[in-house]
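Summary of structural features
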Amino acid sequence: MDHKSASDTIRHFRLDGKVSLVSGASRGIGRAMAEGLAGAGSDLVITGRKIETLLPVAQQIADETDRKVIPIQSDVGNLDEIDSLVEDAVKGFGKIDVLVNNAGVNVRNPALEFSEEDWDFVTDVNLKGAFFLAKACGQVMRQHGGGKVINTLSLTSAIGLPTSVAYTAAKGGLLQLTKLLSVEWAEHNIQVNGIAPGFIRTEMTAPAQEDKRNEWILSRTPADRWGEPEDLAGLTIFFASNASDFVTGQMVFVDGGFMAGSDWRKQT
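What this report covers is the structure whose coordinates are included nearby. Worth saying up front: this structure is predicted, and the values here are computed from it rather than measured.

Cut-offs applied
- Every chain begins its residue count from 1, and numbering advances along the sequence as written.
- Selection of residues for local features in this predicted model requires a pLDDT of at least 70, selection of side-chain atom pairs for listing and counting requires 80 or more, and totals for whole chains, interfaces and linings are taken over all residues.
- No hydrogens and no water enter the side-chain calculation; it runs on all heavy atoms of the structure.
- The axes are straight lines fitted to the C-alpha atoms, using for helices just the contacting stretch, and the angles between their N-to-C directions are given from 0 to 180°.
- The secondary structure listing takes helices from DSSP runs of H or I that are at least 4 residues long and strands from runs of E that are at least 2 residues long, numbered from the N terminus.
- Comment on the angle field: the value is read as roughly parallel under 35 degrees, roughly antiparallel over 145, roughly perpendicular from 65 to 115, and oblique elsewhere.
- By the definition used in this description, the sense in which the near helix is turned from the far one sets the handedness, with an anticlockwise turn below a right angle giving left-handed and a clockwise turn giving right-handed.
- Contacts were defined at the residue level, with two residues in contact if any of their heavy atoms lie within 4.5 Å.
- Residue polarity follows a fixed list, in which Ala, Val, Leu, Ile, Met, Phe, Trp, Tyr, Cys and Pro are nonpolar, Asp, Glu, Lys and Arg are charged, and the others, Gly among them, are polar.
- Between the rings of Phe, Tyr and Trp (Trp by its six-membered ring), a pair exists once the centres lie within 6.5 Å; its type follows the angle of the planes, with under 30 degrees stacked, over 60 edge-to-face, and the other angles tilted.
- Residue exposure (1.4 Å probe, protein chains only): buried if accessible area is under 20% of the type maximum, exposed if over 50%, otherwise partly exposed.
- One requirement defines pairing of two strands: DSSP has to find at least two bridges between them.
- By convention a crossover is right-handed if, when the strands point away from the viewer, the path from the first strand over the helix to the second runs clockwise.
- Expected helix span is computed as 1.5 Å times (number of residues minus one).

What about the packing of helix α5 (residues 116–143) against helix α6 (residues 165–184)?
Relative placement of two packed helices is described by the angle separating their axes and the distance separating the axes. Look at α5 against α6: their axes get within 8 Å of each other, and the N-to-C directions meet at 15 degrees. In terms of axis orientation, α5 runs roughly parallel to α6. Regarding α5 and α6, the two cross each other, and that crossing is right-handed. On α6, the residues that touch Trp119, Val122, Thr123, Asn126, Leu127, Ala130, Phe131 and Ala134 of α5 are Val165, Ala166, Tyr167, Ala169, Ala170, Lys171, Gly173, Leu174, Leu177 and Leu181. Looking at side-chain class alone, the contact of α5 with α6 contains 14 nonpolar, three polar and one charged residues.

Put into structure tokens, the structure is as follows:
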């Protein structure tokens, strides 16, 4: 193998000429991932359930990065909307190189009190919708010689956390789906990986930042802080880029060390 220069290596992380579709991109982690991808050179399709929240995000990213950004209203929990989302994305750019499967919802209740309606709502978005969006994008990627699928996983892909029964089941299933698709789609040059955020400061986690859970979270996190959405951008760029062409079927935690030990402060 020929030796590659440092500049060649750096170029592997660039996304110039790529098109990325990011679901759940109107705020929080999804928005930060989209911003990171555009900053690395990718054009974007960003999706969410409300176009009025997508439009200012699309405009800001386009202004700051000089990339083309198309906002499309879509609920990935509704399968009827997924095919039209992907069709519109392809009409806009001609291809999809990267899918960030980030859209997610949660309902918190103890398992013994969890309703079928809430179960279906959570799993339809976090697992069922994630699969069928990956399938639709995967078909496009196969036609164009390959691509990248990045699934937003969770600490609950690996451990149980109380009052999140449907979310835990869905994110555990999404980890296994990540592994399965990485095996099936390797022959199509499609790499499938997962990013598992720890406790990230977003609107969804705001209540936990203000109550007794905050002390528990910080006590178990060696970095001694909450993560910020921007902490997810670097790994997203890596998984989207040619630098990860031989990496597939993996889950990487971005958690400040939370999963590396248990009650670590008690040991120090």
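From this point, the discussion proceeds with the structure in view.
Thoughts on the packing of aromatic side chains
Considering all chains together, one arrives at seven aromatic pairs under this definition. With centroids separated by 5.5 Å and ring planes inclined at 65 degrees, the aromatic side chains of Phe199 and Phe258 adopt a geometry described as edge-to-face. A residue pair is termed long-range when its members are at least 10 positions apart, and Phe199 in the loop between β6 (190–197) and α7 (206–210) and Phe258 in the segment after β7 (251–254) qualify at 59 residues. The burial state of Phe199 is the same as that of Phe258; both residues are buried. Here the aromatic residues Phe199, Trp216, Trp226 and Phe258 are joined through ring pairs into a cluster of three or more.

A closer look at the pairing of β6
Burial analysis of β6 places eight of its eight residues in the buried class, which makes it a mostly covered element. The two faces of β6 match: Ile190, Val192, Gly194 and Ala196 on one face and Gln191, Asn193, Ile195 and Pro197 on the other face are all buried. In this sheet, β6 lies alongside strand β5 (residues 147–152) in parallel orientation, the contact comprising six bridges. Across the sheet, Thr152 pairs through a bridge with Ile195, a residue of β6. In the classification by handedness, the crossover that spans β5, the intervening α6 and the parallel β6 is right-handed. The sheet contact formed by β6 and β7 spans four bridges and is parallel. Residue Pro197 lies in a different strand from β7, and its bridge partner there is Val254.

Examining α6
For an α-helix the count is 3.6 residues per turn, leaving residues at separations of three or four pointing the same way. Over its 20 residues, α6 runs 28 Å from end to end, which matches the ideal 28 Å to within 8%, given 1.5 Å per residue. Considered for burial, the residues of α6 that qualify are Ala166, Tyr167, Thr168, Ala170, Lys171, Gly172, Leu174, Leu175, Leu177, Thr178, Leu181 and Ser182. The inward-facing, buried residues of α6 abut α5, β5, β6 and β7.

Comments concerning the side chain of Ser182
As for its position among the elements, Ser182 is in helix α6. With relative accessibility at 7%, the residue Ser182 sits in the buried group. Residues in contact with Ser182, not counting those within four places in the same chain, are Val192, Thr248 and Gly249.

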